[in-house]
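Geometric and topological summary
This is what each chain is made of:
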Amino acid sequence: MAVRTIEWRNGRVVMIDQRLLPTREVYRVYRDHREVAKAIKDMVIRGAPAIGVAAAMGLALGVRNVKSPHLGREFDKLCRTFAATRPTAVNLFWAIERMRTVFEANQHRTPETIRAILEREALTIHDEDVAANQRMGRYGAELLESGMTILTHCNAGALATAGYGTALGVIRAAVEAGK
């Protein structure tokens, strides 16, 4: 993975600030779900897959910081906070619903267990995105021949995803295959 668009590091969310590219490569560290929500809203992170991963990690971070004994009520507030960040982002809502499903299936467990499960789910969403893009890249690369010229109007490289890329992932995979 050449670019680390977003990652979970030591209980924090780390994102490259895409607003500063290409002149500066700055990684921001978020310790609070409100910061992650603001980063999504302010377009620090862009691209549907990356936004979905950010929401999942933001929810995990938010649950981690909940002190209230009413975890279910607080989780619902967290979901509403993220839903309000980018109302047209399909992956955002998909990630919120996936995290909600996991939360609801485990709400009978202790808060500590729920926090750990949601963190694992957010990391799984991240890893699944990278794996799906790598698979798509390999499948697409099979269609390309060595020496081909490729023109794309899509900027869906690693920055739009958790770190590998969709359309440009095909080009990346072709290069990795020696084409």
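Let us look at the structure shown here. (Residues numbered from 1 in each chain as written. Predicted model: local features only at pLDDT ≥ 70, side-chain atom pairs only at ≥ 80, totals over all residues. Heavy atoms only, no water.)

1. Describing the nonpolar core
To keep it simple, the criterion reads: Buried Ala, Val, Leu, Ile, Met, Phe, Trp, Tyr and Cys residues form a nonpolar core when they are joined through side-chain atoms within 4.5 Å. Buried means the residue's accessible area, taken with a 1.4 Å probe over protein chains only, is under 20% of the maximum for its type, while exposed means over 50%, and partly exposed covers the values in between. Helical segments are the DSSP runs of H or I of at least four residues, strand segments are the runs of E of at least two, and each set is numbered from the N terminus. Any two residues whose heavy atoms approach within 4.5 Å are treated as being in contact.
Counting residues in hydrophobic clusters, the biggest one holds 48 residues, and the most contacted among them are Val 13, Met 15, Phe 75, Phe 82 and Met 99. Of all the secondary structure elements, the ones that give two or more residues to this core are β1 (6-9), β2 (12-16), α1 (33-41), α2 (48-64), α3 (71-83), α4 (90-106), α5 (111-142) and α6 (167-176). Tallying contributions element by element places α2 first for this core, with 11 residues. Every residue in contact with Val 13, bar those within four places of it in the chain, is listed here: Ile 6, Glu 7, Trp 8, Arg 28, Val 29, Tyr 30, Val 36, Met 57 and Leu 61.

2. Considering the pairing of β2
The condition is simple: Strand pairing follows a simple DSSP-based rule, namely that at least 2 bridges must link the two strands.
Most of β2 is tucked away: four of the five residues are buried. Both β1 and β2 contribute to a ladder of four bridges, which runs antiparallel. Residue pairing in the sheet places Glu 7 in a bridge with Val 14 of β2. In this structure, the hairpin formed by β1 and β2 is closed by a connection of two residues, where Asn 10 is found at a positive phi of approximately 55°. Judged from the four bridges that link them, β2 and strand β3 (residues 27-30) form a sheet pairing that is antiparallel.

3. Thoughts on the side chain of Arg 115
Selection rule: Only four residue types enter the charge count: Lys and Arg as positive, Asp and Glu as negative, with His and the chain ends excluded. When a carboxyl oxygen of Asp or Glu is within 4 Å of a side-chain nitrogen of Lys or Arg, the pair counts as a salt bridge.
Note on placement: Arg 115 falls in helix α5. For the buried Arg 115, no salt bridge exists, and the shortest N-O distance to an oppositely charged side chain is 4.1 Å, to Glu 112. What Arg 115 contacts, discounting residues up to four positions off in sequence, is Val 63, Arg 64 and Val 66.

4. Regarding the packing of aromatic side chains
Stated precisely, the cut-off is as follows: Side-chain rings of Phe, Tyr and Trp (the six-membered ring for Trp) are treated as a pair once their centres are within 6.5 Å; stacked means planes under 30 degrees apart, edge-to-face means over 60, and tilted covers the remaining angles. In this analysis the charged atom, NZ for Lys or CZ for Arg, is taken to sit over a ring once it is within 6 Å of the ring centre and within 35 degrees of the ring normal.
Scanning all chains against the criterion turns up one aromatic pair. Taking the centre distance of 4.3 Å and the plane angle of 5° together, the rings of Phe 75 and Phe 103 count as stacked. Remark: Phe 103 occurs in helix α4 and Phe 75 occurs in helix α3; sequence separation between them is 28 residues. On the accessibility criterion, Phe 75 (2% relative accessible area) is buried. The class of Phe 103 is buried, set by a relative accessible area of 6%. In this structure, Arg 172 is placed above the aromatic ring of Tyr 164, and the distance from its NZ or CZ to the ring centre is 4.9 Å.

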